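Each chain, letter by letter, is given below.
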6 protein chains.
Amino acid sequence: MRADGRRADELRPLRLVRHFTKHAEGSVLVCFGDTQVLCTASVEDKVPPHRRGSGGGWVTAEYGMLPRATHTRSDREAAKGKQSGRTQEIQRLIGRSLRAVFDLEALGERTLHLDCDVLQADGGTRTAAITGAYVAAYDACTWLKQQGVLSAWPLRDAVAAISVGVVQGQPVLDLNYAEDSQCDTDMNVVMTAAGGMIEVQGTAEGAPFSRGELQALLDLAQAGIGQLVQAQELALELRHA
Amino acid sequence: MRADGRRADELRPLRLVRHFTKHAEGSVLVCFGDTQVLCTASVEDKVPPHRRGSGGGWVTAEYGMLPRATHTRSDREAAKGKQSGRTQEIQRLIGRSLRAVFDLEALGERTLHLDCDVLQADGGTRTAAITGAYVAAYDACTWLKQQGVLSAWPLRDAVAAISVGVVQGQPVLDLNYAEDSQCDTDMNVVMTAAGGMIEVQGTAEGAPFSRGELQALLDLAQAGIGQLVQAQELALELRHA
Amino acid sequence: MRADGRRADELRPLRLVRHFTKHAEGSVLVCFGDTQVLCTASVEDKVPPHRRGSGGGWVTAEYGMLPRATHTRSDREAAKGKQSGRTQEIQRLIGRSLRAVFDLEALGERTLHLDCDVLQADGGTRTAAITGAYVAAYDACTWLKQQGVLSAWPLRDAVAAISVGVVQGQPVLDLNYAEDSQCDTDMNVVMTAAGGMIEVQGTAEGAPFSRGELQALLDLAQAGIGQLVQAQELALELRHA
Amino acid sequence: MRADGRRADELRPLRLVRHFTKHAEGSVLVCFGDTQVLCTASVEDKVPPHRRGSGGGWVTAEYGMLPRATHTRSDREAAKGKQSGRTQEIQRLIGRSLRAVFDLEALGERTLHLDCDVLQADGGTRTAAITGAYVAAYDACTWLKQQGVLSAWPLRDAVAAISVGVVQGQPVLDLNYAEDSQCDTDMNVVMTAAGGMIEVQGTAEGAPFSRGELQALLDLAQAGIGQLVQAQELALELRHA
Amino acid sequence: MRADGRRADELRPLRLVRHFTKHAEGSVLVCFGDTQVLCTASVEDKVPPHRRGSGGGWVTAEYGMLPRATHTRSDREAAKGKQSGRTQEIQRLIGRSLRAVFDLEALGERTLHLDCDVLQADGGTRTAAITGAYVAAYDACTWLKQQGVLSAWPLRDAVAAISVGVVQGQPVLDLNYAEDSQCDTDMNVVMTAAGGMIEVQGTAEGAPFSRGELQALLDLAQAGIGQLVQAQELALELRHA
Amino acid sequence: MRADGRRADELRPLRLVRHFTKHAEGSVLVCFGDTQVLCTASVEDKVPPHRRGSGGGWVTAEYGMLPRATHTRSDREAAKGKQSGRTQEIQRLIGRSLRAVFDLEALGERTLHLDCDVLQADGGTRTAAITGAYVAAYDACTWLKQQGVLSAWPLRDAVAAISVGVVQGQPVLDLNYAEDSQCDTDMNVVMTAAGGMIEVQGTAEGAPFSRGELQALLDLAQAGIGQLVQAQELALELRHA
């Protein structure tokens, strides 16, 4: 039993609220427990220089945190004049993860901007962001399809992400902030609905971890992502509860 | 009758949701129709250099907009590496407006940071921000009082703000984005509950405006602010409906 | 009687020196007492992106202060690597004020840059800047007319600006630095020669102000701007003393 | 057989040249084939704010690439005025990896700066940097020990890193640039001499990867790191060939 | 005879106007013909970190150009967010030149900031700046002496600067912009009143220059600086015409 | 006799290692004693805006120093977000010096980027950089010639540079860091193989210097540059030892 009463392999309560704001082509509030991230997908009819003239599109992500999303207020990155290394690392991860399930040719010469802004943080913001951004991206693709501008459906598979870690010697799923602060090993796993691995990022915070621990963590993550993918399908009304 | 069915002197539906996020000492979602601003008040136990050793505190504000709060996506200021002139102008206005009702000595040597982040924009974001920031600041003061660190209650009066403008020749209250885009004169008015004026900023967007129009706009604003102040009191449970 | 011997409704000695520097199409040193601002108008044969292909032009302003224009030296903004919020607010105000009297279509597809640099500051730098920038802009328009590139005269009216404030309970005109530092209410008013209002920006520095005080301040400002407009006409030799 | 004649599990020729430059407390040129990285370790007698007064020290890393270390010249980050997301991600990884084997208390209240500058790039610059930085850090610790300022030896274990990837369907070790450009899955593994895992970062560049491929890659990496650790010991004269 | 009617060894009309602005401890407008530079000297009662606790002071310079000081408008460095290489090179030269005649110990633990802002440019702005900054620095030292805070007079000698160059095969003194644009060799010379050389910076713009040309240019410069030093003494009323 | 045993007119041991790295069109490690600078020449098939359409090319230089090239570690300019004034001054000097021997028309509409990065510093980094950059530029021109894209050979002459200074009253050649730190006068001289002067930059660090000292320093520099030019020719195999 964990401090918040969860089993080791239990996700926090999950919410995926579509159409959370009205302007974006896709807009999803994703909650992993008290972690709340607003993911919007915006379509722009041009591509960055390295994609120009290719006929294909681009998918990119930006990540931000409201100054008081956290326990103590952090300085606003816009006021400091630069994004932290952590912010850049996370937004690069989100972008890579989403591009992994996109057929950029089918998207056509346009850019999908995924903005993931953390309204409230309690651990796992990057995995929540990837999980929510997929739903927002899906809605934006549906919007594009309704505009009649797509030659083919640009999503090849669903993608979701979860954190796992070794807390007090035990592998657990979906760490909250308190668990994350005291864990020995922290791992973020990004997978497709079909069970393929997109990203595995494991870090020893204290003692190094063993191959055995790595296996146990991957088992937990794989099961968790299965549940996330089902929740995405329910939210998108692609399946019924 | 206006495009959205309102009378000239009618506010948009107003919501003030307290405790919207959990970490901040004050956290209020304020909605003026489709304009949604998250206002948090954070207490920090130090003051900027110009206030050090004064015994008194400081109140400051920052303003931001999520990239897709608007009809078309705007670039993220943190990624561009600087805040626009518009952002700076608005956050300076919010800061001045709130300081006008604060007794900085009673606050003690601490800073109250007011972060106003626009989740969805439909005109009037700065006036919504001021109106919501007051409620968040009130909650933070109550928190400070509960900590037993205040010698006296630091708020001297309530403050709220509203926009008014001349649209198609007619003075109207609380402009939405469509009205704001076509108005001749645009004015933001900040007032106290007691009816004192804190800020009046009127700008001729097209033709110059006359003294008579100015009077008409101020009349509308004064009545509107009266309603906002009542709504603040209801939200804070200082009065009952 | 005020500290410097002026009546409440009296401007400081006013100077408008045209052709102060030799390279600019318009170059005016404007002095409101000890406040000295060099305003240059520069013509550039291209427009910013949002005006390209429109056939019309653009008018924009930048504001700066020499490091030792003030009582104590301020850091150079070029060395700090960014313009302060105050600087940006002022240059946006100057730009809007001048655009309000320009027929941008008549200007043709070119930009008029108004650079207002404070050589010496003693209160009222932004109002002096607007008043002087109009004269510099007029000279630049005359230069353009002489080049034979204008289809029509691009200035619809004159524009000038003045500060007013409540000092020790009394409304006064054209505050110097000492008065500005101790005033309760500070207001900047921008008007056309025809008496139309372009901008009204009133701020309660201490106690809030009343509708009555607002009226008294506007009366003072209106009379003061009348005198400024006459001085502009004399400087431009459009009228004789 | 790979394009450069190596077996799938074969490292590129490895060089670790100590005392490459003369000023630094540790200075190592590390070469993984044509990838050449200069790693210096510099001792500074103070710590960053979050470690002040802790009695313990800090280890941090910075990474850079000379503009023409690569096939085509890249812009100099100092001239662009900011470090790319990639640079920040890599230097954060190097810092975490080295801290994982440091006893920061034994280091005392001082900072060890590890600067890893790529003179020539041909794939695997981050893994070469970690492997070389460990040797430079070791030399700097020896220098500190000789100064008589250490209460205990601050290194708990050795650390090294290698890249592995799936190229044309086959898992291979230590990818050069050509292999890195065409691989499906790219993984960087950081391990201790004792065989503990510090970091595992696997990314699907094309198709997702399976648990089986992950195992095969980890097997390759583990064997490769064993050889790197031996080479570090030889270079440090802790063992003989 | 030169294009503007001067002999090869003739300075442009020189003006040194003291007390040009009122706030600075020293404020001098220096004109070398149409080149006009406002030099202010500001006293600050603290020193930069590398001088703290030394008992001695520091002298530093900053240089700027108003956007329309030049034939065509240049972008404002404060708006661009950084100072050009040219600006930094010039302000470093001015600082070194003035420090060369200062007894920093006698100045006491304070900083003298020399701000040189070009109001109008027509060649030779850096030499005019050095020549004017000396007079401003002298006035600031007199002010410090009058405050009774100096133990000894901190200026050891006077310093002035002039440009020389080879124009159409002929060495000439004090080049204006037109001459500077077409010269083969351009040299800036900084000397003391006693005839010692502080800086010699000669650059071949077209063909390389010979030792003989260098001698001829130094002869011209030496004579010119003699006249500048006399003009400084006249302006400071240390001698009479 | 100097501290390192050299005669006053003796250069430090000189090395010019071509093809030091493999990607650049020219890549030279130049060593003046313990000063080691890696100079690469990169060809880019476009020119900066001010050269576009001219038919001719451009030559530009950038300079950097690895953080621990020096006795104590300096902050990385890329991390600080800007290049120091010293860096900009040096890279402007290198660029001007190389352009002085280039026929930009013969180069064709392309840019030659010279990157000079200091691996180890012991005085004279800028003069070593110029001397090495010439050899790298020569190799890049040979590469261009081999590509068959040059209409004519673009180098008009060789260029080299050396420092001279007055140390303890005696003029000496090629100062190392210890000598540079204690010298009274420091001068950098850039000359062509034909003996023409490109740049002379002399600075009095302590007492001003006389015309006689200047002559003595130039004599030393001229002889030293003669030796450098021979070494360049040997390295380029244009002459034999």
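Here the structure is a predicted model, which is why all the values come from computation and not from measurement. Note on numbering: residues in each chain are counted from 1, in written sequence order. Written order decides the labels, with chains lettered from A and ligands numbered from 1. pLDDT decides what is reported in this predicted model: residues at 70 or higher carry local features, side-chain atom pairs at 80 or more are listed and counted, and totals for whole chains, interfaces and linings draw on all residues regardless. The side-chain quantities take in all heavy atoms of the structure and omit both hydrogens and water.

Asker: Before we go on, may I ask you to explain the side chain of Gln36 of chain E in this structure?
Answerer: Residues and elements named next belong to chain E. With respect to the helices and strands, Gln36 occurs in strand 3 (residues 35–44). With a 1.4 Å probe rolled over the protein chains alone, any residue whose accessible area is under 20% of its type maximum counts as buried; one over 50% counts as exposed, and the rest are partly exposed. Judged by its relative accessible area of 16%, Gln36 is buried. Whether two residues are in contact is decided by their heavy atoms: any pair within 4.5 Å suffices. Filtering out sequence-adjacent residues up to four positions away, Gln36 remains in contact with Leu29, Val30, Cys31, Asp117, Val118, Leu119 and Gln120. Helix numbers and strand numbers start at the N terminus; a helix is a DSSP run of H or I with at least 4 residues, a strand a run of E with at least 2.

Asker: What exactly am I supposed to notice about the relation of the copies chain B and chain C here?
Answerer: Relating the two copies of this chain is a rotation about some axis coupled with a shift parallel to it. In superposing the copies, a least-squares fit is computed on C-alpha atoms, taking residues whose pLDDT is at least 70 in both. Note on the copies: chain B fits chain C at an RMSD of 0.0 Å, the axial shift is 0.0 Å, and the rotation between them is 180°. When the rotation and shift are considered jointly, the pair of chain copies conforms to a two-fold rotation axis. Considering only C-alpha atoms, the part of chain B nearest the rotation axis is Gln201 of chain B, at 2.2 Å. When you check the interface residues of chain B against chain C, 100% turn up at the interface there too, and the contact is symmetric in its surfaces.

Asker: I'm lost on the UniProt feature "domain: Exoribonuclease phosphorolytic" (unreviewed entry) in chain A in this one. Help?
Answerer: All names here are of chain A. In this structure's numbering, the residues bearing the UniProt feature "domain: Exoribonuclease phosphorolytic" (unreviewed entry) are residues 10–140 and 157–223. From the first C-alpha to the last, residues 10–140 spans 30 Å; its make-up is 30% helix and 31% strand. Annotated as 28% helix and 43% strand, the span residues 157–223 places its first and last C-alpha atoms 17 Å apart. UniProt positions are given in the numbering used here, feature names are shortened, and annotations may be inferred rather than shown by experiment.

Asker: Would you mind showing me how to read the interface of chain A and chain B here?
Answerer: Frequently, the measure chosen for interface size is the accessible area that the parts lose on association. If you look at the interface, chain A gives 37 residues, while chain B gives 37 residues. What makes a salt bridge here is a side-chain nitrogen of Lys or Arg within 4 Å of a carboxyl oxygen of Asp or Glu, nothing more. The tally of links between chain A and chain B comes to 14 salt bridges. For the salt bridge of Arg76 of chain B with Asp117 of chain A, the shortest nitrogen-to-oxygen distance reads 2.9 Å. In the analysis that follows, any N or O atom pair within 3.5 Å is treated as a polar contact, provided that within protein one partner can donate a hydrogen and the other can accept it, and provided that, for residues neighboring in sequence, both atoms belong to side chains. Applying the counting criterion to the chain A and chain B interface returns 22 residue pairs in polar contact (both at pLDDT 80 or more). For the side of chain A that touches chain B, the elements supplying multiple residues, two or more each, are strand 3 (35–44), strand 4 (58–65), helix 1 (77–80) and strand 5 (111–120) of chain A.

Asker: Hey, could you run me through the nonpolar core in this one?
Answerer: A general trend in soluble globular proteins is that nonpolar side chains are found buried together. If you look at the biggest cluster of nonpolar residues, it comprises 447 residues, and the most contacted ones within it are Leu98 of chain A, Leu98 of chain B, Leu98 of chain C, Leu98 of chain D, Leu98 of chain E together with Leu98 of chain F. Setting aside anything within four residues of it in sequence, one finds Leu98 of chain A in contact with Val59, Leu114, Ile130, Ala133, Tyr134, Ala137 and Val159 of chain A. Take the buried residues of types Ala, Val, Leu, Ile, Met, Phe, Trp, Tyr and Cys, join any two whose side-chain atoms come within 4.5 Å, and each joined set is a nonpolar core.

Asker: What should I look at first to understand the UniProt feature "binding site: phosphate" (unreviewed entry) in chain A in this one?
Answerer: Mapped onto the present numbering, the UniProt feature "binding site: phosphate" (unreviewed entry) falls on Arg86, Gly124, Thr125 and Arg126 of chain A. In sequence the annotated residues extend across 41 residues, while in space they remain close, none of their C-alpha pairs exceeding 13.4 Å. If you trace the backbone, Arg86 of chain A turns up in helix 2 (residues 85–99). For Arg86 of chain A, a relative accessible area of 30% translates into the label partly exposed. Excluding its chain neighbours within four sequence positions, the residues that come into contact with Arg86 of chain A are Tyr63, Met65, Thr125 and Arg126 of chain A together with Arg92 of chain D. Along the chain, the position of Arg126 of chain A falls in helix 4 (residues 125–146).

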